[in-house]
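Survey of secondary and tertiary structure
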Amino acid sequence: MLIVMEKKLLYKIHVTGRVQGVGFRWSAVREARIRGITGLVKNLSDGSVYIEAEGSVEQLNAFVEWCRKGPGMGFVESVTADPFPPANYTDFRIDY
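Figured I'd write up the structure that's included with this text. Note that the coordinates shown come from a computational prediction; the quantities given were computed from them, not determined experimentally.

Our focus in this paragraph is the sheet that holds strand β3 (residues 49–55). By definition, the strands of a sheet pair up through backbone hydrogen bonds, in either a parallel or an antiparallel sense. The mixed open sheet is built from 5 strands, whose spatial order is β4-β1-β3-β2-β5. Of all the strands in the sheet, the pair left with one neighbour each is β4 (75–84) and β5 (92–94). On average, adjacent strands in this sheet sit at an angle of 15° to one another, irrespective of strand direction. Examined bridge by bridge, strand β1 (residues 9–18) and β3 share 7 bridges and lie antiparallel to one another. Residue pairing for β3: Ile13 is matched across the bridge by Ile51. Of the strands in this sheet, β1, β2 (38–43), β3, β4 and β5 are in contact with helix α1 (residues 24–35), which crosses β5 at around 175°. In this fold helix α2 (residues 57–69) packs onto β1, β3, β4 and β5, with an angle of close to 5° to the strand it touches most, β1.

Structure below.
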């Protein structure tokens, strides 16, 4: 039996807009865990949110689409996502 492992990627995602103080990080953790994505999310001092998300291309593209909408509260102005080699995260968490 042949088992094909799907290639994992790491996306470094930067989200700008009114994305702090509106539950974005907690919602990102929930969405990432639902989608089987590992990594981290944190607020940056400029008011934006930084995410390292690791998973398959399909998982990551769906997660980036969620990031473009956000949790409903606040307002997402822009989202950039750049691919990198995986860092082998084991869970998805908020980084302080």
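Summed over the entire model, instances satisfying the criterion amount to 1 cavity of 30 Å³ or more. As a volume, the largest cavity reaches approximately 30 Å³. Lining the largest cavity are Arg18, Val19, Val22, Phe24, Lys69, Gly70, Pro71, Met73, Gly74, Phe75 and Val76. When the residues that make up the lining of the largest cavity are grouped by side-chain class, the tally is 7 nonpolar, 2 polar and 2 charged.

Before going further, it helps to spend a moment on the packing of α1 against α2. At their nearest, the axes of α1 and α2 sit 11 Å apart, and the two run at 155° to each other. Considering the angle they form, α1 stands roughly antiparallel to α2. Considering only the axes of α1 and α2, their crossing is right-handed. Between α1 and α2, the contacting residues are Phe24, Ser27, Ala28, Glu31, Ala32 and Arg35 on the first element and Gln59, Ala62, Phe63, Trp66 and Cys67 on the second. Considered class by class, the residues forming the contact of α1 with α2 number 7 nonpolar, 2 polar and 2 charged.

Definitions and limits used
- Residues numbered from 1 in each chain as written.
- Predicted model: local features only at pLDDT ≥ 70, side-chain atom pairs only at ≥ 80, totals over all residues.
- Heavy atoms only, no water.
- Pairing = 2+ DSSP bridges.
- Helix = DSSP H or I, 4+ residues; strand = E, 2+ residues; numbered from the N terminus.
- Axes fitted to C-alpha atoms, helices over the stretch in contact; angles between N-to-C directions.
- Contact = heavy atoms within 4.5 Å.
- 1 Å grid on protein atoms, 1.4 Å probe; cavity = no way out; pocket = protein on both sides within 12 Å on 5 of 7 lines; lining within 4 Å.
- Points joined across faces, edges and corners; volume = space filled by probe spheres on them.
- Nonpolar A, V, L, I, M, F, W, Y, C, P; charged D, E, K, R; others polar.
- Parallel < 35°, antiparallel > 145°, perpendicular 65-115°, else oblique.
- Left-handed = near helix turned anticlockwise from the far one by under 90°.

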